Structure formats: C-alpha cells, structure tokens
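So you can see what is in the structure, the chains are spelled out below.
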Amino acid sequence: MTTPQLEQQRLLIGGEWVGAISGRSFEKFDPYTGEPVGSAAAATREDARAAADAAGEAFKAWSTTPPAQRRELLHAAAQLLSERAEEIAGATTEETGATFGWGMFNVKLATGMLSEAAAQAYSVTGEVIPSDVPGLLAMGLRQPAGAVVGIAPWNAPVILGTRAVATPLAFGNTVILKGSEVCPRTHAAIARALDDAGLPSGVINLLSHDSADAADVVDELIAHPAVRRINFTGSTRVGRLVAENAARHLKRVLLELGGKAPMVVLADADLDEAVAAAKFGAFMHQGQVCMSTERIVVDRSVAEPFTKTLGERAGALKVGDPRDPETQIGPLVSQAALERVSQLVEDAKSHGARVVAGGKAEGPCFLPTVLQDVTPQMRVYAEESFGPVVGIIPVDGPDEAVRVANDTEYGLAAAVFGRHVPTALEVARRIESGICHVNGSTVHDEPQMPFGGVKASGWGRFGGRAALEEFTELRWITVQQGSREYPL
C-alpha cells in the first residue's frame, strides 16, 4: 500500500500561487498522530526578495485606492473566511494539534478583525495645526507607510496571521505575511481569502519556509528597501533578534512577545468567578497562548479553598484527541514543547512545589497542572511555560500581591479579582502590564482594543485606532498663503 501524495502548499507572490524558486519543500506532521498532513514550498532569500518586490510595486496603486474600495475588499475577505471556517479549523487541528473548537474560535475572531479593519479604512485622517507664521496653513497628515512584513506564530494562527495584515491593508499598505513553518496551510488560508476577495496582485503576499531558513528569509525582508514596517508576534528571544535587525535598517517594528500573566485574587474575591477565569486562562489551548494565566497570586486567607476548587476542575478536563468534539485539552505542539513543560514541573517539584492536579504527560498531551506553593527558586516562577501549567503563590495583602505580580521580566496581560472594584482597580493600575482585566480572565481579545505589552513583552499596539500609529506615516505639510518675509 502506497502513501497518498499530499498536495503542496504554495507561496503567493505578485498574485500568483507558485512553488519556491529553489524547488524545495518541507513536510508537516500531525502533533497528535505523528502522521504527515501536508507539505509546503520552502522559500529562501530569492523568494523573499520577489515577494517584497511585488509588494513594493503594488504599493504605488494600492496606497491611492479610495477607502470604500479597501473596505469592500476586506469585508469580502471576512465573508470568505467565515464560509471556510470548518475547513480552516480542520487544518489548524492537523497542523498544530488544536481542538476543533479553538480553530473555529480563531476563525470567528479573525473574521471580526477583518471587519474592524474595514471599518478603520476611514480613520486615516489629519488635523490642522495652528501656526505662528502669518498666512501659513499647517497640517498633520497620515499616509500609508509602504510594504509591511507581518511575522505570525502558530499558536493562534488564524487570529494572529490575520492581525498581522488586516489593519496595514486597511490603511493602504501592501503586505507580506511570513507564515509559521508549523502551520503553512492555516496561514495560507488567510492569504487565499484576501486573494479570492479580489485584492490586486502584489497587495497580499505569502511566504512559508523550512525552519532552517527562517533567519535568512526574515533578514532579506527587513533589508528590502520597499519594506517600511515590520510586525512580529512570538517569543521574546526571537523578537529581540527581529528588533536588532530592524534597527540596523532604521525601520519601525511592532513587537508582541512572551508573557507570564499573573492573576491576582484578593481576599474579597468571588472565588467561583475567579476559579472559572483561572481554569479558562490557564488551560485554554493547552496554555499555548501569550496571555495564558501562568501565575495565580492569591491572598493567603482564601488560598486553600481556591486551590482545592481549581485543582478539582483542572482534573475534570477531558484530555486527548483534538478531533474528538468532547476533548478540551489536546496535545502540545511538539515533543520538544512536551519535554520542556515536563522539565519545568519536575524542577518545581524538586524545590518543594506540591502537585494539586496533573503534573505529567499522557502521550503527546500534558495533563492540566496546578502547582501549589511556587517560589522564586523554581524555574516555573519566572519562565514562560507555554503549556497547561499554573503556579499558585500565596501572599499577604494587596501590596505583596502587586510586588509578586510585577516580579517578572514580562508585562503583557494580567487580571485582578475582587468584589470591591475601586480596590481591585487600584491594584490593576499598579501592575506593570499592557493589559489588565478586573474580574475577568487574562485571556481576552477584541479586534478594536489596543493590544500589546510592556517590558520584555514588547512595544507598540495592534487593534483599532491604536494601529494607526503603527502602520501610517505622520507628515507635516504646509501651504503659504500670500507673501512671507524671511530673515535672509
């Protein structure tokens, strides 16, 4: 019996779906079964240069299109994405091990992002600025920046791949989506929806590559003169490399990086609500979310009942095949990820942490894990686990809670639970994070919200009007009316 030939995912360059110039490709395997699920064209520097050339050429016309045309095309792409939701969710499961529900949620939010971007097409406005020069009309005008490189990760592939390109397109930029080698078909579905919606040739381009070629492809894109903006979502380690490279070329970069989100549970918190948010925030998509609740900083007076209930609910989650509609926790994305999470838990246990729930792997999955009495001596206290693991840290009062919540290099998302909202809000204001939710989970996103972090979680903001600052150029233009006297 022969293995069926799997269709190769192609690149999109200048309006054409093509193979890599080198002819190379790479295979993709299902994280749960280990079976091959497809192959993709492996771009190199030559393909990256061709994609940037195409985006640069297309920018000349696309940057002058009326907002109504851009809005209409983005709405059409959103409709196509929605119509193809089940197909895309299936690809997400095959490539990343995500549950089908996570894939469908991805498509739903990504559809909203395209619709929000369409609405933002008319937000590229300017202002008249008072001048002290007689007869001078001074204006601040925003214009499209140029070609934008969007570097998207695998963990929320439809959401984050769409976010990387949607608002740049709405504001009149052209884009190159550099997809993840983990999910080439899923990221290609975004580009295909935009291409099928009728975007002109070269406005949307897509690159996939073998992992060994990632640095070369990104270097070629950043160095290309047509590229004026880069946005990157991924690890802090790689984000630093992207930022260093962009700095050499004096190019602006938007970074949304790692996290170690704390959830503070005050003494007066509604424990049922706090446990529900913690279960969702820590274990949704196996904890493979940048906003995942990784540390629960809980007042000592309520730590015992909170921990007991969270452990019970974590232990009740169904773990297994992501294709099973009843599965709540699927596999981690790779064997390396599984081994790393296992090492973090074993290290915590060796330093005195108590396993309340989970604590071990089952095949390619890791059981939802609650660790009690986590201390700074443990790796899991500071390192982002990117797995279904949450540590509980008891504290005495709000001041210590704030100190522990801020005892991290990261600053993406956070949450505070307390019935007395003014107190909880004051605690939230003291936490060093780009995002903080009072009486809500750390895992929360909406297309129109300013999304981004501080400290080692990056800089800049995606979402709504906040993205206008990232993906347009602000120009000062004047018109002199009447004669003007000069000193020379």
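Everything discussed here concerns the structure shown above.
Reading guide: rules and limits
Residues numbered from 1 in each chain as written. Predicted model: local features only at pLDDT ≥ 70, side-chain atom pairs only at ≥ 80, totals over all residues. Heavy atoms only, no water. Helix = DSSP H or I, 4+ residues; strand = E, 2+ residues; numbered from the N terminus. Expected span 1.5 Å × (residues − 1). Buried < 20%, exposed > 50% of the residue type's maximum accessible area, 1.4 Å probe, protein only. Contact = heavy atoms within 4.5 Å. 1 Å grid on protein atoms, 1.4 Å probe; cavity = no way out; pocket = protein on both sides within 12 Å on 5 of 7 lines; lining within 4 Å. Points joined across faces, edges and corners; volume = space filled by probe spheres on them. Nonpolar A, V, L, I, M, F, W, Y, C, P; charged D, E, K, R; others polar. Pairing = 2+ DSSP bridges.

Trainee: Give a description of helix α8 (residues 236-248) that names residues and reports values.
Mentor: For α8, spanning 13 residues, the distance from its first C-alpha to its last is 18 Å, which sits close to the expected 18 Å at 1.5 Å a residue. All buried positions along α8 are accounted for by T236, G239, V242, A243, N245 and A246. Contacts from the buried residues of α8 go to α7 (214-223), β11 (227-233), β12 (252-256) and β22 (458-459). Looking one or two places after α8, you find L250, whose phi comes out positive at around 55°.

Trainee: Please give an account of the layout of surface pockets that cites residues and values.
Mentor: Volume-wise, the largest pocket comes out at about 1300 Å³. Lining the largest pocket are 44 residues, and of these F232, G234, S235, R237 and V238 lie nearest its centre. Mapped onto the lining of the largest pocket, the elements with two or more residues apiece are α7, β11, α8 and α11 (335-350). Along the wall of the second largest pocket there are 15 residues; nearest its centre are Q9, E87, R185, A188 and R192. Of all the secondary-structure elements, those providing two or more residues to the lining of the second largest pocket are β1 (8-9), β5 (36-41), α3 (85-96) and α6 (184-197). At four residues, α6 tops the list of elements feeding residues into the lining of the second largest pocket. Among the residues forming the lining of the second largest pocket, the class breakdown is six nonpolar, three polar and six charged.

Trainee: So, the pairing of strand β8 (residues 147-151): which residues are in play, and what are the values?
Mentor: Taken across its five residues, β8 has five buried, putting it largely inside the fold. Residues of β8 alternate between two faces, with A147, V149 and I151 on one and V148 and G150 on the opposite face, all of them buried. Of the pairings in the sheet, the one linking β8 to strand β9 (residues 174-178) comprises five bridges and is parallel in character. The residue bridging V149 from the neighbouring strand is I176, located in β9.

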